[in-house]
Amino acid sequence: MQVRESTIEQELIEKLGELKYTLRPDIRDRAAMECNFREKFEALNRVNLTDAEFQRLLDEIVTPDVFKAAHTLRHRSAFTRDDGTPLNYTLVNINDWCKNDFEVASQFRINTDYSYHRYDVLLLINGVPAVQIELKTLGINPRRAIEQIVEYKNDPGNSYMRTLLCFIQLFVVSNRDFTYYFANNNARHFAFNADERFLPIYQYAAPDNSKINGIDAFAEAFLSKCTLGQMISRYMVLVASEQKLLMMRPYQIYAVKNIVECIDKNLGNGYIWHTTGSGKTLTSFKASTLLKANLAIEKCLFVVDRKDLDRQTRDEFNRFQQGCVEENTNTGALVRRMLSDDAADKVIVCTIQKLGLALDENSTRNKSREKRGLASHTEQLAALRDKRIVFIFDECHRSQFGDNHQAIKEFFPKAQLFGFTGTPIFEANATYKRIEGEEQTLKTTADLFQQSLHEYTITHAIEDQNVLRFHVDYYKSDGKNPPKPGETLAKRAIVDAILAKHDAATGGRRFNAILATASINDAIEYVKLFKQAQAEKQQADPHWQPLNIAAVFSPPADVSADVKQLQEDLPQEQEDNKHDPEAKKNALKAIIADYNSAFGTNHRIEEFDAYYQDVQQRIKDQQFPNADLPMKGREKLDIVIVVDMLLTGFDSKYLNTLYVDKNLKHHGLIQAFSRTNRVLNDTKPYGNILDFRGQQKEVDAAIALFSGAKADKAREIWLVDTAPVVIDKLKTARDKLDSFMQSQGLSGKPDDIANLKGDAARAAFVEHFKQVQKLKTQLDQYTDLTPEQAQQIDQVLPRDEHNALRGAYLETAQRLRAQQAKPSGQKDEAVDQLDFEFVLFASSTIDYDYIMKLIADYSAKTPGRASMSREQLIGLIASDAKFMDEREDISEYVRGLKAGEGLDEAAIRADYRQFKADKAAKEMAALSGKHGVSVAALQALVDGVLSRRIFDGEQLTELLAPLDLGWKARTQKELALMGDLLPLLKKRAGGREIAGLKAYEE
């Protein structure tokens, strides 16, 4: 039996009462809320405002800008009273949030000019509505629940823009058993874009990372008064550069709390094990900013390992709070800032190299200062020896095992050291053989930093869907047996395998890949082999589109200081460059020359850093649709060949594949694999690893080592199911779809879907087929499917039938999406909860240009000789979400074409444009004739609306003015005209929103 929403609401209110919230059943409307706020404001600020002053205060603080409202809530502001005297005020007690009044209002209703909304539960802090809780009775999809709140906020004249509800900081959604929360934001950070990259949604967790799902437990853990006050005041970050509110994740909060407690109680050193991609910079930023207020601490140094990381971290810190970290241009500047009493110099970002130079009495710089009769940096810093200084090391295993770490501890005996790492050093991975052949034992993370303060492993992150699982394909050249561990295959065989599998691995080139090689010589050889193999493929098939391939490895010999710093983390490249450096230099010059030729750039080996940055940017440019780029996607990179570079620290959501032809183990393996597993959306179900060295033992060992408390379940958490398991799931999903269709008295054939009766049945079809499509998307990217498995998939879902089902899905989804736009009382609840996930139905390879080429091919060849029949071509167009708003036009155009007519692509494009223009003109003429208005005036109105994407009702009045109608007849005429004009405007807007239309949709 389903629990009623009102019952869940009542239970929550009772719980909040137990948590000492004041229950306010009397606050049900805007007037009551404003009256309560005034009372609290006047008491807090010890002032009595006149009615006129209070109204003016409301006018000043209420704003549609969420970021501005959030800033006002957290800071002191000034108000000029009617008599000219200033009033410095705060909306809440910002010094001690626990001392505010916390109240609960429920079933709050508010009317504005164009909207009417009811809010389940509001939490008020000192009379300010800070948290909105929406309760559901059914198993909600959290994305759909957020979408509904987004829809509320997008209503014209909504109450979030015009009332005290502008101060909402957090939204909570719960169906009693599952609870999610997320930060409020302005529209650009609070919307679903075309690629369905969603807002961050959170589930609260305990310190051991176990989820706190139930609303009762969530209220106890998150909504208790002091905790909620801390969540809003301490653990939300206002990102000034982006005007955005950012909520810290639970594991970040626990890490910060534990560091701060460790410092407050002087409990020694500690380390944070937070996996790669978990937002360590935000955690360390928050820890260091909280230390700014700690008078017992003299300085907080955030220490990173390389110049590019220094720059990146400083930019990140300044992103969170503008100007909070200055640039240290040299060691002298670092020393000056360490000795400065200026508040701006309390938190310093620097590299370990600069710090090491300052502390090394024998460094060239210190010796030079001594010769000139100046105090050395070491002597200058002696004044800080007995001060409490906090050092926070980012990625604490890059260089801190050397002398620098020991030097810091000896020089600053009262210092506390904290390290962040995604891959700690344990006994098992603490010894490795250096390239030079010397054996060196590294200390473990615990030896260096004494104690673990918080752990959030890759296992936790995968379970939370903060990073993806991995699909590891151990390549078998004969289809059956992988190479023996460590055995190398012929490079040409590897190149051929990559070219054969790349499109599948990257979802039809939607994503891109890195090829990790064992040495610089190997990387150089791979560049040549790819060039040769691609030329052969193109010769055999002129239609084959070659991959864009680049290579990066550090240049030998005379390099800039920046590149030298970079090389400190690249042991293999350092060693390789000692042997025949001239040949490597010439090879890199040739690689850069080819790159310049391909992309129209002018990089030089002497400015390698600029080339390296450009390669990284092109990998990230994969996110942009080809149609939006000047070279239509030819400026993207498909594969980057590397040795050591890019295998740590580099992030791109659109990189999903790692080809491995080098030996990896322990933390190096995890770091390299983790380049592929950033979360995007359902088109990227996992990170793809294609290993050419048979390293299953090493993968299993790394998983066991870095999975933390859940080592026994690590493999099933980290790795996706094998192909046979997913094929079985696909069969089950297809059977369920067929069974559902039979329950409706229909076959499972695509043609029958149009015969489904009622929106509830259509919604059920959408849910069933979405599961089929998700599994098919997953299998499409498997690189290890056998011919037999591919045949099984095709039997479950034949290609033409799959396209037809996709087309039927999109048609049904369009119809139901229109239903969702209607007012709440006029739609089925199952429809209201649907999340269509259109991104699953948009191919990266099938774009407008591709369709035009296919149509030209159809036109050029005689019937039966074209690569696709007319029906297949129409089916392909209908099955892709990108053409949802245009497929009717394209399909109609294709139906009218004659095979063998001989039109080339340019002629097809021009002909199609003319076809659309003629059709649009006929539509406009029919509309003007039906409603008795001028064609020219109607066309001008439509053109104006589409160019500005704003609909103004006054334009409608002007259009109908020549008809000289009375107000009642004119109103009826307006509604009738808008009934026909609305779908036309929406279609021509191509999915982009037009402001002002909502009033006519209802």
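Residues numbered from 1 in each chain as written. Predicted model: local features only at pLDDT ≥ 70, side-chain atom pairs only at ≥ 80, totals over all residues. Heavy atoms only, no water.

Caption draft 1: The sheet that holds strand S20 (residues 512-517), seen in detail. Reading across from one edge, S19-S24-S23-S20-S22-S21 is the order of the 6 strands in this open sheet, with parallel pairing throughout. Looking at strand neighbours, the two that pair on one side only are strand S19 (470-474) and strand S21 (549-552), the edges of this open sheet. This sheet shows a mean twist of 20° between the axes of neighbouring strands, independent of strand direction. Relative to strand S22 (residues 639-642), S20 is paired through 4 bridges, and the arrangement is parallel. Bridging across to S22, Ala516 finds its partner in Val642. Here helix H19 (residues 491-505) sits on the sheet in contact with S19, S20, S22, strand S23 (655-661) and strand S24 (687-691), set at roughly 165° to S23. (Pairing = 2+ DSSP bridges. Helix = DSSP H or I, 4+ residues; strand = E, 2+ residues; numbered from the N terminus. Axes fitted to C-alpha atoms, helices over the stretch in contact; angles between N-to-C directions. Contact = heavy atoms within 4.5 Å.)

Caption draft 2: Main features of the state of the cysteines. Applying the stated criterion across every chain, the model contains 1 disulfide. Residue Cys98 pairs covalently with Cys226 via a disulfide, S to S 2.1 Å. Here Cys98, found in the loop between strand S3 (86-89) and strand S4 (102-111), pairs with Cys226, found in helix H8 (residues 225-233); they are 128 residues apart in sequence, far enough to count as distant. (Disulfide = S-S within 2.5 Å.)

Caption draft 3: Fine view of the environment of Pro750. Mapped onto the secondary structure, Pro750 falls in the loop between helix H28 (723-743) and helix H29 (759-780). What makes Pro750 buried here is its relative accessible area of 14%. As a C-alpha pair, Pro750 and Arg806 span 56 residues in sequence and 8.7 Å in three-dimensional space. Those residues in contact with Pro750, other than ones at most four positions away along the chain, are Glu801, Ala804, Leu805 and Ala808. (Buried < 20%, exposed > 50% of the residue type's maximum accessible area, 1.4 Å probe, protein only.)

Caption draft 4: Spatial organisation of the confidence of the model for the chain. On average, residues of the chain carry a pLDDT of 84, and 86% of them reach 70 or more. Overall, residues 432-442 carries pLDDT values under 50, and its contacts beyond four positions in sequence, including any with other chains, amount to 16 contacts. (pLDDT = per-residue confidence, 0-100.)

Caption draft 5: Just the packing of aromatic side chains, in detail. Applying the stated criterion across every chain, the model contains 37 aromatic pairs. Centre to centre, the rings of Tyr160 and Phe171 are 5.9 Å apart; their planes meet at 70°, and the pair counts as edge-to-face. Here Phe171 lies in strand S7 (residues 170-174) and Tyr160 lies in helix H6 (residues 159-162), a separation of 11 residues in the sequence. Grouping residues by exposure puts Tyr160 and Phe171 together as buried. (Phe/Tyr/Trp six-rings, centres within 6.5 Å; stacked < 30°, edge-to-face > 60°.)

Caption draft 6: The arrangement of helix H30 (residues 787-796) in detail. When H30 is considered as a whole, its buried residues turn out to be Gln789, Ile793 and Val796. Taken around the axis of H30, the buried residues stretch over an arc of 65°, which confines them to a single face. Of the exposed residues in H30, those oriented more than 90 degrees away from the buried face are Pro787, Glu788, Gln791 and Gln795. Among the structural elements, H28 and H29 are those in contact with the buried residues of H30. (Arc of directions from axis to C-beta.)

Caption draft 7: Structural view of the packing of helix H34 (residues 870-878) against helix H35 (residues 887-896). Between H34 and H35, the least distance of the axes is 10 Å, while the angle of their chain directions is 170°. On the basis of the axis angle, H34 is roughly antiparallel to H35. On the side of H34, the interface is formed by Arg870, Leu873, Ile874, Ile877 and Ala878, while H35 contributes Arg887, Ile890, Ser891, Val894, Arg895 and Gly896. A class-by-class count of the residues in the contact of H34 with H35 yields 6 nonpolar, 2 polar and 3 charged. (Parallel < 35°, antiparallel > 145°, perpendicular 65-115°, else oblique. Nonpolar A, V, L, I, M, F, W, Y, C, P; charged D, E, K, R; others polar.)

Caption draft 8: Representation of the pattern of salt bridges. Inspection of every chain in the model, using the stated rule, returns 43 salt bridges. One network of salt bridges, in which partners are shared, links Arg24, Asp26, Lys40 and Glu103. (Salt bridge = Lys/Arg side-chain N within 4 Å of Asp/Glu carboxyl O.)

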